[in-house]
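# Descriptive structure summary
Listed here are the chains, written in short residue letters.
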Amino acid sequence: MVSRVIPVEPFDLVVFGGTGDLARRKILPALYRRYCAGQMGGDSRVIGAARAEMDAAGYRDFVRKAVLESEGGTAAGRGGLEDFLKLLSYVTLDGRGTRGWPELAANLRAGVVRAFYFSVGPGLFGDLAQRLHRYDLGDDEARIVVEKPFGHDLRSARELNRVLAENFDERQIYRIDHYLGKETVQNLMAVRFGNTMFEPLWNGHYVDHIQITVAEAGGVDGRGEYYDRAGAMRDMMQNHMMQLLCLIAMEPPAKFEPDSVRDEKLKVIRALDPVPAENVVRGQYAAGGGVPGFRDHVDNPESTTESFVALKAHVSNWRWAGMPIYLRTGKRLRARASEIAVIFKDAPHSIFGAEAGRHRNILTIRLQPNEGIELEVTIKEPGPGGMRLIDVPLDMTFAEALGPEEADFPDAYERLIMDVIRGNQTLFMRGDEVEAAWAWTDPIIAGWQERGEAPHAYVPGGPGPEEALMLMHRDGRRWREIKA
Ligand code: BG6
């Protein structure tokens, strides 16, 4: 199988915060890889814009280093790095002042797609949007890309939406959640809506419960200041986990088109019940294994911020009423392992008798690593001597099924940036979606504050706090093992 690359139209992409961490680690290497793949042509331009004093040559050096770092020290395999660098320029710019804006305007070309990537803190979104407008840089077709965190709570998210809406139409605003750019996350939709066999069973009559796990092995070192203000609830649950929940629970959209998909996701978020205190567990990793604990990493000995959260959610609609969806995410857990598991109910009656034991089908969508899909089915244990049942996986690891090259998926940012250029908002969050997600998250966080509740300490390298295990045990269920 050879994957098809459809080149995008020529574009000018301005990266505000072009010398920042995200630009260095993700955005610029993603552009380089799309250039190598032939999707971004030599007639496109990337303009870094930031406060740092630098000229184009300096910026090219910066990007060269960034790309080499992300390619593991060498871009020799893909080549073309020096040609790619020729497409770059740089403007020293003050996002809150006037410096650099006329130069930026002079750098932009007429007649090509214009995109402005706000790879800066949300405090600057309004200033940048206003200046783009004032200097007349954003024509009707221009797009802006905004990064998470999109607000800190519902109030601040509304304010951000308001400020952006003053200068841009919703169809021009691309709110990134990089989880939506992950290949397997989109596969979730392909599995659900491209196959007939799952849909009739995709409801609380046949599904016992769903588990969504996004486990990380790493801690928050290096990002302590941001993370201590955010915590796992704001950093992961309100956005990435919420998006996974939406894709697994939504009704089939009429079309794979931006508003069809986003309307259905929004309905899921709005159908979520408030979460009572007893259905949420917060955790904070302790020191261990020679690695400092969370409080050291965030340099705050009093911190009560959570690095882990687990909760039981309910989507109250006809499809899911009464069926729990368990979500958990955390840092410094046993492994980097993310999956969605749909655990079907037991067969209503066992013709094989009680001794055959309890068996159930489980559909697992592995997001990372070893992306793939696995369906556990019950079969007869081979051999003579009665009817004994065992569960075996029908395993479709993409790397095996598609071949290593096909399964060398582009990074989420590669896909999402190309979607911005193509003008396709399907994998981006709409303003009302983000607000609805905050409206659900805010009371949970407010509850912790009101009760003065501290997170439970957990041993690094394990499954998280004991209390999270209890959340399931109480219901006669158990979390799936976290394994890479
Ligand atoms: C980011 C969070 O959005 O997603 C990080 O801010 C987290 O805290 C990261 O580590 C996880 O992304 P991925 O793609 O590595 O699963």
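The structure under discussion appears in the preceding block.
Overview of the structure. None of the values given here were measured: they were computed from a predicted structure.

### Here's the deal with the overall build of the chain
- When helices and strands are counted, the chain shows 14 helices and 15 strands.
- Relative to the globule expectation of 23 Å for 484 residues, the C-alpha radius of gyration of the chain, 24 Å, shows essentially globular dimensions.
- Dimensions of the chain, computed from the C-alpha atoms along their principal axes, are close to 80 × 55 × 45 Å.
- Put simply, the chain has 484 residues, and 53% of those count as buried.
- Computed over 60 positive and 70 negative side-chain charges, the separation of the two mean positions in the chain equals 1 Å.

### A few points about helix 9 (residues 258-271)
- Its 14 residues give helix 9 an end-to-end C-alpha distance of 20 Å, which sits within 8% of 20 Å, the value for a rise of 1.5 Å per residue.
- Looking at helix 9, one finds that the buried residues are S260, V261, R262, E264, K265, L266, V268, I269 and A271.
- In this structure, the buried residues of helix 9 make contact with helix 8 (224-249), strand 9 (308-314) and helix 13 (431-451).

### Some details on the pattern of salt bridges
- Scanning the entire structure with this criterion turns up 45 salt bridges.
- Among the salt bridges present, the one from E53 reaches R99, with a minimum N-O distance of 2.8 Å. Here E53 is found in the loop between strand 2 (45-50) and helix 2 (56-70), whereas its partner R99 is found in the loop between strand 3 (88-92) and helix 4 (101-107), with 46 residues between them in sequence.
- Judged by its relative accessible area of 60%, E53 falls in the exposed class.
- R99 gets classed as partly exposed once you look at its relative accessible area, which sits at 44%.
- We note a salt bridge from D140 to R171, for which the minimum N-O separation is 3.1 Å. Taken as a pair, D140 in the loop between helix 5 (125-134) and strand 5 (143-146) and R171 in the loop between helix 6 (154-167) and strand 6 (173-175) lie far apart in primary sequence, 31 residues in all.

### Some words on the sheet that holds strand 3
- Pairing in this open sheet of six strands is parallel, and the strands run 3-2-1-4-5-6 from one edge to the other. If you trace the sheet from one side to the other, it starts and ends with strand 3 and strand 6, each paired once. Across the sheet, the mean angle separating the axes of adjacent strands is 20° when strand polarity is ignored.
- Across four bridges, strand 4 (residues 113-118) lies against strand 5 in parallel orientation. Counterpart to F116 in the pairing with strand 5 is I144.
- Sheet contacts for helix 5: strand 1 (11-16), strand 4 and strand 5; angle to strand 4, the most-contacted strand, approximately 155°.
- Taken strand by strand, helix 12 (residues 412-422) contacts strand 1, strand 4, strand 5 and strand 6, and its axis lies near 135° from that of strand 4.

### Remarks on the sheet that holds strand 10 (residues 324-330)
- Spatially, 14-13-12-11-7-10-9-8-15 is the arrangement adopted by the nine strands of the open sheet, whose pairing is mixed. Two strands lie at the open edges of the sheet, namely strand 14 (389-397) and strand 15 (456-458), each paired on one side alone. The average angle at which neighbouring strand axes cross in this sheet is 20°, direction not considered.
- As paired strands, strand 11 (residues 337-344) and strand 12 (residues 362-368) are joined by six bridges and run antiparallel to one another. Paired with I343 across the strands is I362, a residue of strand 12.
- Packing of helix 13 onto the sheet brings it into contact with strand 8 (280-285) and strand 9, and relative to strand 9 it is tilted by some 125°.

### Structural notes on the pairing of strand 3
- Among the five residues in strand 3, five count as buried, and that is most of the element.
- Side chains L88, Y90 and T92 project from strand 3 onto one buried face, and the interleaved S89 and V91 project onto a second face that is buried too.
- Inspection of the sheet shows strand 2 paired to strand 3 by five bridges, in the parallel sense. Within strand 3, the residue paired with G48 across the bridge is Y90.

### Details of the nonpolar core
- Ranked by internal contacts, the top residues of the largest apolar core, which has 146 residues, are F16, L31, F84 and F118.
- Take this core: its biggest share by element is 13 residues, from helix 8.
- Ignoring any residue separated from it by four or fewer positions in sequence, one finds F84 in contact with L28, L31, Y32, Y35, M40 and V63.

### Re helix 13
- For helix 13, spanning 21 residues, the distance from its first C-alpha to its last is 31 Å, which sits close to the expected 30 Å at 1.5 Å a residue.
- At T441, helix 13 shows its largest bend, some 25°, and a proline, P443, comes one to four positions later.
- Taken as a whole, helix 13 has its buried residues at G431, E433, V434, A436, A437, W438, W440, T441, I444, I445, G447 and W448.
- Where helix 13 terminates, the next one or two residues include G452, which has phi positive at roughly 60°.

### What about empty space enclosed by the protein?
- Per the counting criterion, the structure on display carries one cavity of 30 Å³ or more.
- Its volume calculated, the largest cavity comes out at about 80 Å³.
- Here the lining of the largest cavity takes four residues from helix 13, the largest share from any one element.
- Among the residues forming the lining of the largest cavity, the class breakdown is seven nonpolar, three polar and two charged.

### Here we look at the site of the ligand
- With respect to spatial proximity, the complete set of residues near the ligand consists of K148, H178, Y179, K182, E216, R223, D235, M236, H240, K331, R336 and Q368.
- Contacts to the ligand include H240, whose side-chain N or O atom sits 2.7 Å from an oxygen atom.
- Within the side chain of R336, a nitrogen or oxygen atom sits 3.1 Å from an oxygen atom of the ligand.
- With three residues, helix 8 is the single largest residue contributor to the shell around the ligand.
- Split into classes, the residues belonging to the shell around the ligand amount to two nonpolar, three polar and seven charged.

### Regarding a nonpolar patch on the surface
- Side chains of I351, F352 and M387 sit close together on the surface and give an oily, nonpolar patch of about 300 Å² of accessible area.
- Positionally, F352 belongs in the loop between strand 11 and strand 12.
- What makes F352 partly exposed here is its relative accessible area of 32%.

### Description of the packing of helix 7 (residues 183-194) against helix 8
- At their nearest, the axes of helix 7 and helix 8 sit 9 Å apart, and the two run at 10° to each other. Relative to helix 8, helix 7 is oriented roughly parallel. Two secondary-structure elements touch here, helix 7 through V185, L188, M189 and R192 and helix 8 through L244, L247, I248 and A249.
- A per-class count over the contact of helix 7 with helix 8 returns seven nonpolar, no polar and one charged.

Basis of the calculations
- Residues numbered from 1 in each chain as written.
- Predicted model: local features only at pLDDT ≥ 70, side-chain atom pairs only at ≥ 80, totals over all residues.
- Heavy atoms only, no water.
- Helix = DSSP H or I, 4+ residues; strand = E, 2+ residues; numbered from the N terminus.
- Rg over C-alpha atoms; globule rule 2.2 N^0.38 Å.
- Buried < 20%, exposed > 50% of the residue type's maximum accessible area, 1.4 Å probe, protein only.
- Lys, Arg positive; Asp, Glu negative; His and termini not counted.
- Charge placed at Lys NZ, Arg CZ, Asp CG, Glu CD.
- Expected span 1.5 Å × (residues − 1).
- Contact = heavy atoms within 4.5 Å.
- Salt bridge = Lys/Arg side-chain N within 4 Å of Asp/Glu carboxyl O.
- Pairing = 2+ DSSP bridges.
- Axes fitted to C-alpha atoms, helices over the stretch in contact; angles between N-to-C directions.
- Core = buried A, V, L, I, M, F, W, Y, C linked by side-chain atoms within 4.5 Å.
- Bend = angle between axes of the 7 residues up to and from the residue.
- 1 Å grid on protein atoms, 1.4 Å probe; cavity = no way out; pocket = protein on both sides within 12 Å on 5 of 7 lines; lining within 4 Å.
- Points joined across faces, edges and corners; volume = space filled by probe spheres on them.
- Nonpolar A, V, L, I, M, F, W, Y, C, P; charged D, E, K, R; others polar.
- Near = heavy atom within 4 Å.
- Polar contact = N/O pair within 3.5 Å; in protein donor to acceptor, adjacent residues only side chain to side chain.
- Patch = residues over 30% accessible without salt bridge, like charges linked within 9 Å, V, L, I, M, F, W, Y side chains within 5 Å.
- Areas by Shrake-Rupley, 256 points an atom, 1.4 Å probe, with all protein chains shown as cover.
- Parallel < 35°, antiparallel > 145°, perpendicular 65-115°, else oblique.

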